[in-house]
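# Understanding the architecture of this molecule
Here is how the chains run, residue by residue.
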Amino acid sequence: MVVDQYLLAWIFASVIALIAMYGTVATRRSNNNRRASLEEEERSRGCLMVSDAECRSADGDVDVIIVGAGVAGSALAHTLGKVDGRQVRVIERDLTEPDRIVGELLQPGGYLKLIELGLEDCVEEIDAQRVFGYALFKDGKNTRLSYPLEKFHSDVSGRSFHNGRFIQRMRDKAATLPNVQLEQGTVTSLLEEKGTIKGVQYKTKTGQEMTAYAPLTIVCDGCFSNLRRSLCDPKVDVPSCFVGLILENCDLPHANHGHVILADPSPILFYQISSTEVRCLVDVPGQKVPSISNGEMAKYLKTVVAPQIPPQIYDAFVAAVDKGNIRTMPNRSMPAAPYPTPGALLMGDAFNMRHPLTGGGMTVALSDIVVLRDLLRPLCTLNDAPTLSKYLESFYTLRKPVASTINTLAGALYKVFSSSPDQARKEMRQACFDYLSLGGVFSMGPVSLLSGLNPRPLSLVTHFFAVAVYGVGRLLLPFPSPKRLWIGARLISSASGIIFPIIKAEGVRQMFFPATVPAYYRTPVSSEKMRKKDDGRIADDM
């Protein structure tokens with residue numbers, strides 16, 4: 001009887017294995033057939049590149065119109081013009097050097113993308129400072145968290161700089177290409193015909209109304225975009241504002257490290273942006289900040305913020321407040337929710353924003369450009385709007401794992417690092433500091449996520465709940481009590497309440513299971529080969 005049971009179990013297992021094997025083979029054949037049919041369709045239209053010749057479109061003034069010449073727009077213009085030889089027209093509202101208080105720290109993962117795009121020299125000659133990690137401060141204690149850079153070339157690290165200088169370097173590099181045209185003007189609307197975007201209408205610097213046409217229009221006009229509403233469903237949240245100062249001629253406690261102070265009510269950041277200047281960003285929760293004009297802001301900074309910063313930079317901080325060059329900026333977050341539109345694409349902060357606490361915005365933008373470059377490279381013409389639109393739908397899926405990991409980390413860390421009267425949230429905050437202070441794998445994993453070197457969604461969720469479990473363990477040792485058990489349960493519940501809504505907004509399926517999304521397989525066949533080739537070239541360079 002026992003033998004019969006084993007025999008039946010063996011037969012049942014064999015049948016299940018055969019079914020699974022058949023399903024795998026059938027899926028692979030289906031995917032291969034789909035790719036083969038796409039390749040044949042592209043060949044019949046003459047769309048696949050067969051050499052390094054220039055890619056040109058038959059219709060329109062140029063191949064691509066880019067609205068905005070910030071980090072995303074400038075890098076994209078150079079990439080499409082240099083790599084693909086496309087005719088690119090960039091229309092930027094103001095071509096003078098920007099003066100911003102954010103976008104000044106590029107994570108190592110973002111620097112690797114700069115190398116991949118051939119733009120690494122844009123951080124040279126602007127007095128950029130190398131960044132090797134973070135220093136975390138809480139209640140008089142501090143811990144240093146270094147980027148895991150051992151496997152990379154010695155030049156790979158984070159970079160901090162004046163945002164405007166970096167953007168001007170990229171604009172200048174893009175403008176050196178004969179097929180890239182930068183023009184100052186304000187785009188007022190997208191030109192639509194039968195559901196397809198054909199170009200833009202804009203006003204020149206002199207106020208003249210003009211139109212420009214191209215098979216593809218890419219909108220990169222920043223966080224205050226006035227064009228995004230026709231291309232996505234913008235759900236913008238403003239959880240806080242940054243108050244920006246520049247400290248002069250002072251040394252941070254840990255050289256070449258960003259400094260994060262877990263202050264009350266929310267974090268304070270310090271990092272060098274030149275050899276003589278340190279940027280300070282004070283986070284103020286909510287959308288209202290104390291008035292600068294009547295002196296309320298200076299009073300707030302001196303009485304509430306100053307006592308919480310490290311003593312080594314206290315005097316420089318107070319001097320910067322007294323100098324009076326105080327600026328503010330709302331911190332916006334917006335999950336990507338695009339309307340796939342033939343002839344148009346959103347990128348950069350116009351498309352997707354996250355809290356700037358972790359400095360991940362430029363890494364996301366540059367990573368998106370790499371994905372888009374690989375998608376467009378095999379297409380010799382962009383004039384077939386329906387086919388192009390199908391390919392570009394895959395862009396929204398292919399970018400998700402990296403972008404969503406960085407976005408989720410930014411939103412979750414901001415909530416964990418901010419103070420709260422809730423005891424469970426207090427325990428979570430302390431657990432996070434203590435967990436990172438353990439060093440080794442406990443700090444390396446989270447810092448790899450933060451740096452953009454290992455932006456994997458599953459790793460993010462694992463470490464986030466490891467912090468929560470660590471916090472519960474701290475509560476229950478040496479002896480648990482009913483009160484501590486209750487706080488521990490609420491800690492787990494609070495952690496879930498922080499991260500799961502962010503993941504839901506980002507899209508669970510696209511974030512964790514992108515291969516199950518049909519658009520994942522709409523990429524041109526040779527895009528995958530291009531990516532593998534480039535990955536191999538980058539590895540060789542390292």
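What counts and what doesn't
For every chain, the first residue of the written sequence is number 1, and numbering continues from 1 along that sequence. Given that the model is predicted, a residue must reach a pLDDT of at least 70 before its local features are reported, and side-chain atom pairs must reach 80 or more before they are shown or counted; all residues, however, enter totals for whole chains, interfaces and linings. Where side-chain values are given, they derive from all heavy atoms of the structure, hydrogens and water being excluded. For this analysis, a nonpolar core means a set of buried residues of the types Ala, Val, Leu, Ile, Met, Phe, Trp, Tyr and Cys, connected via side-chain atoms within 4.5 Å. We call a residue buried when its accessible area falls under 20% of the maximum for its residue type, exposed when it is over 50%, and partly exposed in between, using a 1.4 Å probe and counting protein chains only. Where helices and strands are cited, they refer to DSSP runs of H or I of at least four residues and of E of at least two residues respectively, numbered from the N terminus. When checking whether two residues touch, look at their non-hydrogen atoms; a contact exists if any pair is within 4.5 Å. For each structure, a 1 Å grid was placed over the protein atoms alone; sets of points admitting a 1.4 Å probe that cannot get out are labelled cavities, open sets with protein on both sides within 12 Å along at least five of seven lines are labelled pockets, and lining residues have an atom within 4 Å of a point. Grid points are joined across faces, edges and corners, and a volume is the space filled by probe spheres set on the points. Each residue receives one of three labels: charged for Asp, Glu, Lys and Arg, nonpolar for Ala, Val, Leu, Ile, Met, Phe, Trp, Tyr, Cys and Pro, and polar for the others, Gly being one of them. Here a Phe, Tyr or Trp ring, Trp counted by its six-membered ring, pairs with any other such ring whose centre lies within 6.5 Å, and the pair is stacked when the planes are under 30 degrees apart, edge-to-face when over 60, and tilted otherwise. In this analysis, strands are considered paired if DSSP registers two or more bridges between them. Throughout, an axis means a line fitted to C-alpha atoms (over the contacting stretch in the case of helices), and angles, computed between N-to-C directions, take values from 0 to 180 degrees.

A few words now on the nonpolar core. Counting residues in hydrophobic clusters, the biggest one holds 125 residues, and the most contacted among them are Phe166 and Ile218. Top element by residues in this core is helix α7 (residues 361–376). It accounts for 9 residues. Beyond its immediate stretch of four places on either side in the chain, Phe166 contacts Val71, Leu114, Cys122, Val123, Ile126, Phe161 and Met362. Ala263, Ile268, Val282 and Ala316 belong to the second-largest nonpolar core, a separate cluster that totals 27 residues.

Below, the discussion takes up empty space enclosed by the protein. Within the structure shown, the criterion is met by 5 cavities of 30 Å³ or more. Taken as a whole, the largest cavity spans an internal volume of roughly 320 Å³. Forming the boundary of the largest cavity are 22 residues, of which Leu409, Leu413, Phe417, Leu436 and Pro446 lie nearest the centre. Among the elements of the structure, β5 (133–138), α9 (400–417), α10 (423–437), α11 (441–450) and α12 (457–476) are those that each provide at least two residues to the lining of the largest cavity. Considering every element that reaches the lining of the largest cavity, the biggest residue donor is α9, with 5 residues. Its residues placed into classes, the lining of the largest cavity shows 20 nonpolar, 2 polar and no charged. Each pocket or cavity is described by its volume, and for the second largest cavity that value is around 50 Å³. Lining the second largest cavity, in full, are Gln129, Arg130, Val131, Ser160, Leu252, Asn256, His257, Tyr271 and Gln272. Secondary structure elements with two or more residues in the lining of the second largest cavity: β4 (129–131) and β14 (268–272). Split by residue class, the lining of the second largest cavity holds 3 nonpolar, 5 polar and 1 charged.

Quick look at unusual backbone geometry now. Residues Asp264 and Pro265 are joined by a peptide bond in cis, for which omega reads 15 degrees. Take Pro265: it is sitting in the loop between β13 (258–261) and β14. Here the bond from Leu477 into Pro478 is cis, since omega is 0 degrees, no more than 30 degrees from zero. With respect to the helices and strands, Pro478 occurs in the loop between α12 and α13 (482–506). At Lys194, a position not held by glycine, the phi torsion is positive, near 55 degrees. Relative to the helices and strands, Lys194 resides in the loop between β8 (180–193) and β9 (196–204). Phi at Asn256 takes a positive value of approximately 60 degrees, unusual for a residue other than glycine. Judged by relative accessible area, which is 29%, Asn256 ranks as partly exposed.

Now for the packing of aromatic side chains. The final tally for this structure, using the stated rule, is 10 aromatic pairs. Ring centres of Phe351 and Phe395 lie 6.5 Å apart, and the angle between their planes is 35 degrees; this geometry places the pair in the tilted category. With a gap of 44 residues between them, Phe351 in the loop between β17 (344–346) and α7 and Phe395 in helix α8 (residues 385–398) connect regions that are remote in the sequence. Overall, Phe351 belongs to the buried group, its relative accessible area being 1%. On the basis of relative accessibility, which here comes to 0%, the residue Phe395 falls in the buried class. Ring centres 6.4 Å apart and planes at 45 degrees place the aromatic pair Phe512 and Phe513 in the tilted group. Put simply, the rings of Phe351, Phe395 and Tyr396 touch in pairs and so form one group of aromatic residues.

What follows covers the environment of Gln287. Note on placement: Gln287 falls in the loop between β15 (277–285) and α5 (296–305). Separated by 43 residues in sequence, Gln287 and Pro330 place their C-alpha atoms 7.0 Å apart. Not counting residues up to four positions away in its chain, the partners in contact with Gln287 are Val238 and Cys241.

Here we come to the sheet that holds strand β3 (residues 105–106). The sheet built from 3 strands is open, its strands ordered β3-β7-β4 with antiparallel pairing. Edge strands, defined here as strands with exactly one partner in the open sheet, are β3 and β4. For β4 and strand β7 (residues 158–160), the ladder comprises 3 bridges, and the chain directions are antiparallel. Paired with Val131 across the bridge in β7 is Gly158.

Whenever strands of a sheet pair, they do so through backbone hydrogen bonds, lying parallel or antiparallel. Spatially, β10-β9-β8-β2-β1-β11-β17 is the arrangement adopted by the 7 strands of the open sheet, whose pairing is mixed. Looking at strand neighbours, the two that pair on one side only are β10 (209–213) and β17, the edges of this open sheet. Taking each pair of neighbouring strands and ignoring which way they run, the sheet shows an average axis angle of 35 degrees. With 8 bridges connecting them, β8 and β9 associate as antiparallel partners. Note that in β9 the partner of Glu192 across the bridge is Ile197. Packing against the sheet, α8 makes contact with β9, β11 (216–219) and β17, and its axis sits at approximately 15 degrees to β17.

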